[in-house]
Amino acid sequence: MSAVIPDLPLTAAELNFDGLVGPSHNYAGLSHGNIASAKHGGQAANPRAAALQGLAKMRRLLDLGLPQAILPPQERPYVRGLRALGFGGSDGQVLENAFAQSPALVANYSSASSMWTANAATVTPAADSADRRVHFTPANLTAMPHRALEDQQTRRALSMIFKDDTHFVVHAPLAHTPLLGDEGAANHNRLCAAHGTSGLEVFVYGRDALGPKTDLKFPGRQTLQASEAVARLHGLKDANTVFHPQSPTAINAGAFHNDVVCVSNETVLFFHEAAFDDPAVLEKRIKTKAAALGFAPQFIMARADDVPLTDVISSYLFNSQLVTLPKKLSQGGMALILPTQVEETPSTKAFVDQTLAGDNPITEAHYLDLRQSMSNGGGPACLRLRVVLNAAQRAAVHPGVIMDAAKLSALEGWVKTHYRDRLTRADLGDRQFLDETRTALEALTQLLDLPNLYDFQRTES
Ligand code: SUG
């Protein structure tokens, strides 16, 4: 007997899951090929300001009439992980012993990098998948040692938030092999007539792990083989997929993820000329498949002559969020949510102004201060995971992570109570700091009504 596939309402909308910045936010210079991370490595960070900047972005989106949710930070410092490397004693001793041996090791096990939830998973809406469920594959993030520690906790959190298996499938992350380097939604765009209609998922990969060697100076983090595996697992048909390489020029200039040089929303692909290997071929592939799906894509491309790639990478012009505005609060259309660096860089500001004046759906630009995250190479788009949901799916999401103004205020209060305003590498090996982070995370589980989110058990220090 074949399953009856229900019709999906066309009113499905995007729910952004922003990463709540964790208390261990710091600048450890961990990401080779990420220019901001290398530049700020070793500087003092301000975790409190970082978390408040993230919450202010969520408030701004709520004020624009867009629904907003969060993904919680992961347990860091990650004592269980250090214990598995042979450090013993109480949790405080494990941390101090590891730090005495290698501060760099502890920095990897302490990064708050799960804040960049565009790397948490790849998400396929029900309108595209064969079984009409929403599919998630947590990204294994094998390219960077500190980020490769995230996927199991990501899987755990997603499984709690998207528990209802009539609507959701949370897959296991891909195996940790260089063949299958997977960076999640940061290397995945989706084009469609409207969020709830069948879409074209554009998987953008940094390298073909089975192909000839290329001359990349920096890691091509996403492999073609990982993208293909995710598409298969999510039940995507050929008609709903395009696979296309990032350009080595972009990667070598510091675009370690495709979302540093490209963003999509509904019919629009907003990108830089140097983002893709042979952009004309990509446009043709997209046009052909989009026509078969019944929509016409719109390409908004910045030319290198107008906006140099170096300005794109330093300002994060294309790491903006491109969102569909609700009609009842505005004229409809789309808005760009950009970092203030774009406003401060003449070439990128001019391009945004030109886009707003042009014949396309983008009607508004909002500039936000996200300097704490930006200094580690994470802009507005890195900080959110987009999940398209219809009404029934939306109702099945764990309600504790859905934000309103009061919940955002409660989280601001929580940050002000528990977060330091200065954190350096020397602080990461301190058992007092470990204790503070755990007190903060325990309090968070109550605010989000996720009592079993973390599996640490506090030992006597
Ligand atoms: O993976 N930075 C992150 C930034 C991720 C941005 N995400 C997207 N583009 N979607 C990374 O390189 C730096 C951490 C440090 O150096 O302390 C870091 O992990």
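Residues numbered from 1 in each chain as written. Predicted model: local features only at pLDDT ≥ 70, side-chain atom pairs only at ≥ 80, totals over all residues. Heavy atoms only, no water.

J.: What am I meant to see in the pattern of salt bridges here?
T.: Once the charged atoms of two side chains with opposite charge are near each other, the side chains can pair. Taken as a whole and judged by the stated rule, the model has 21 salt bridges. Measuring nitrogen to oxygen at the nearest pair gives 3.8 Å for the salt bridge that ties Arg420 to Asp430. Here Arg420 is found in the loop between helix 15 (405-418) and helix 16 (431-447), whereas its partner Asp430 is found in the loop between helix 15 and helix 16, with 10 residues between them in sequence. (Salt bridge = Lys/Arg side-chain N within 4 Å of Asp/Glu carboxyl O. Helix = DSSP H or I, 4+ residues; strand = E, 2+ residues; numbered from the N terminus.)

J.: It is not clear to me how the packing of aromatic side chains should be interpreted in this structure. Could you clarify?
T.: Applying the stated criterion to the full structure yields 12 aromatic pairs. Taking 5.8 Å as the distance between ring centres and 25° as the angle between the ring planes, the aromatic pair formed by Phe270 and Phe351 counts as stacked. With Phe270 in strand 10 (residues 268-272) and Phe351 in helix 12 (residues 346-357), the pair connects residues that are 81 residues apart, well separated along the chain. One exposure class covers both Phe270 and Phe351, and it is buried. (Phe/Tyr/Trp six-rings, centres within 6.5 Å; stacked < 30°, edge-to-face > 60°. Buried < 20%, exposed > 50% of the residue type's maximum accessible area, 1.4 Å probe, protein only.)

J.: Quick question: what am I supposed to make of the sheet that holds strand 8 (residues 241-245) here?
T.: Backbone hydrogen bonds are what pair the strands of a sheet, in a parallel or an antiparallel way. Taking strand neighbours across the sheet as the criterion, the 3 strands line up as 6-7-8 in an open arrangement whose pairing is mixed. Either end of the sheet is taken by a strand with one partner, and the two such strands are strand 6 (188-191) and strand 8. Here the strands of the sheet are splayed against their neighbours by 20° on average, with no regard to which way each runs. For strand 7 (residues 200-205) and strand 8, the ladder comprises 5 bridges, and the chain directions are parallel. (Pairing = 2+ DSSP bridges. Axes fitted to C-alpha atoms, helices over the stretch in contact; angles between N-to-C directions.)

J.: How should I be thinking about the packing of helix 2 (residues 47-63) against helix 15 in this particular structure?
T.: When two helices pack together, their arrangement is given by the angle between the helix axes and the distance between those axes. Axis separation between helix 2 and helix 15 bottoms out at 10 Å; the angle between their running directions is 175°. Judged by the angle between their axes, helix 2 and helix 15 are roughly antiparallel. Residues Arg48, Ala51, Leu52, Leu55, Met58, Arg59 and Leu62 of helix 2 touch helix 15, and the partners they reach there are Ala405, Leu408, Ser409, Leu411, Glu412, Val415 and Lys416. Of the residues contributing to the contact of helix 2 with helix 15, the split by class is 9 nonpolar, 1 polar and 4 charged. (Parallel < 35°, antiparallel > 145°, perpendicular 65-115°, else oblique. Contact = heavy atoms within 4.5 Å. Nonpolar A, V, L, I, M, F, W, Y, C, P; charged D, E, K, R; others polar.)

J.: What's the story with helix 2 in this structure? I'm lost.
T.: An α-helical turn contains 3.6 residues, so any two residues separated by three or four positions project in the same direction. Along its 17 residues, helix 2 runs 24 Å from first to last C-alpha, staying within 8% of the 24 Å computed at 1.5 Å per residue. By the burial criterion, the buried members of helix 2 are Pro47, Ala50, Ala51, Gln53, Gly54, Leu55, Lys57, Met58 and Leu61. For helix 2, the capping residue at the N-terminal end is Asn46, with a side-chain oxygen 3.2 Å from the backbone nitrogen of Arg48. Note on helix 2: the residue one or two positions beyond its end, Gly65, has a positive phi of about 90°. (Expected span 1.5 Å × (residues − 1). Polar contact = N/O pair within 3.5 Å; in protein donor to acceptor, adjacent residues only side chain to side chain.)

J.: Would you take a moment to explain the nonpolar core for this structure?
T.: Generally speaking, soluble globular proteins have nonpolar side chains that are buried together. Counting residues in each nonpolar core, the largest one holds 98 residues, and the members touching the most others are Phe17, Phe162, Phe270, Leu317, Val387 and Val397. Other than its neighbours up to four places away in sequence, Val387 contacts Ala13, Glu14, Leu15, Phe17, Val123, Val134, Phe136 and Phe162. Counting residues in hydrophobic clusters, the runner-up holds 17 residues, among them Leu95, Phe99, Leu428 and Phe433. (Core = buried A, V, L, I, M, F, W, Y, C linked by side-chain atoms within 4.5 Å.)

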